[in-house]
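Listed here are the chains, written in short residue letters.
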Amino acid sequence: ARAESDLASADHDAQADCTTLVGSSTYHGTAVRFATAANTFYGWNWAFSTTNNFILDKVVAGVRTELGRVGTVPDPGAGPNLTKTQINGSTLKGFLSGAEKLSLTDTAITGGTRTGLYSIQTIGANRARWDNFQAADLAGGVVGPLLGGRLVKHGILQGRLVRA
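Below you will find a few notes about this structure. (Residues numbered from 1 in each chain as written. Predicted model: local features only at pLDDT ≥ 70, side-chain atom pairs only at ≥ 80, totals over all residues. Heavy atoms only, no water.)

### Digging into the side chain of Arg 114
Secondary-structure assignment places Arg 114 in strand S10 (residues 114–121). Polar side-chain contacts of Arg 114 include one of 2.7 Å to the side chain of Asp 6. (Helix = DSSP H or I, 4+ residues; strand = E, 2+ residues; numbered from the N terminus. Polar contact = N/O pair within 3.5 Å; in protein donor to acceptor, adjacent residues only side chain to side chain.)

### Quick look at the pattern of salt bridges
The tally for this structure, following the rule as stated, stands at 7 salt bridges. The partner of Arg 64 in a salt bridge is Asp 57, and the shortest N-O contact between them spans 2.8 Å. You can call Arg 64 partly exposed: its relative accessible area is 40%. The exposure class assigned to Asp 57 is buried, which follows from its relative accessible area of 0%. (Salt bridge = Lys/Arg side-chain N within 4 Å of Asp/Glu carboxyl O. Buried < 20%, exposed > 50% of the residue type's maximum accessible area, 1.4 Å probe, protein only.)

### What to know about unusual backbone geometry
Positive phi, normally seen in glycine, also occurs at Arg 33, with a value near 50°. Relative to the helices and strands, Arg 33 is located in strand S3 (residues 26–35). The phi angle at Ser 97 is positive, at roughly 50°, despite the residue not being glycine. Exposure remark for Ser 97: the relative accessible area of 48% places this residue in the partly exposed category.

### Brief notes about the pairing of strand S2 (residues 12–20)
The side chains of a regular strand alternate, residue by residue, between the two faces of the sheet. Counting buried positions along S2 yields 9 of 9 residues, so the element is predominantly enclosed. The two faces of S2 match: His 12, Ala 14, Ala 16, Cys 18 and Thr 20 on one face and Asp 13, Gln 15, Asp 17 and Thr 19 on the other face are all buried. Pairing of S2 with strand S7 (residues 81–88) involves 7 bridges; the strand directions are antiparallel. Residue pairing in the sheet places Ala 16 in a bridge with Thr 83 of S7. Examined bridge by bridge, S2 and strand S11 (residues 128–137) share 8 bridges and lie antiparallel to one another. Directly across from Ala 14, in S11, lies its bridge partner Ala 135. (Pairing = 2+ DSSP bridges.)

This is the structure we're talking about:
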């Protein structure tokens with residue numbers, strides 16, 4: 001799912017609380033620099049499974065490439081867990097519950113001013129409950145992508161998310 005409106009800059013972050021309802025090798029996180037027509041974005045997720053990996057990916061023209069991983073970390077629990085992806089220039093960072101888990105650089109995706117949610121199903125059901133979605137430009141103040149340039153922070157996501 002992606003936000004329907006653009007942010008002002010390609011340097012931004014996206015975050016949301018995620019509660020994993022079924023831990024059957026599912027990956028959940030947020031996405032930045034999303035370009036709809038190109039099906040291109042950076043994604044941060046945690047693999048909620050027996051190994052609990054934190055992963056940064058890029059998806060270019062619909063093809064997923066893993067950029068980095070922190071493996072076999074303590075289970076963060078079903079949640080809710082705050083997951084956040086941040087892109088600033090070529091530096092991509094992934095956070096869980098306020099702590100930076102992985103940082104790397106990549107120059108493949110330079111545009112894309114939308115954000116969204118990123119989920120992958122590998123085995124079984126892919127179910128998660130999302131709450132408190134926010135997105136903001138890193139410079140020039142906070143801008144929300146969902147309701148006419150106003151930051152959106154509600155118990156239930158408001159505005160329109162569309163399936164990518």
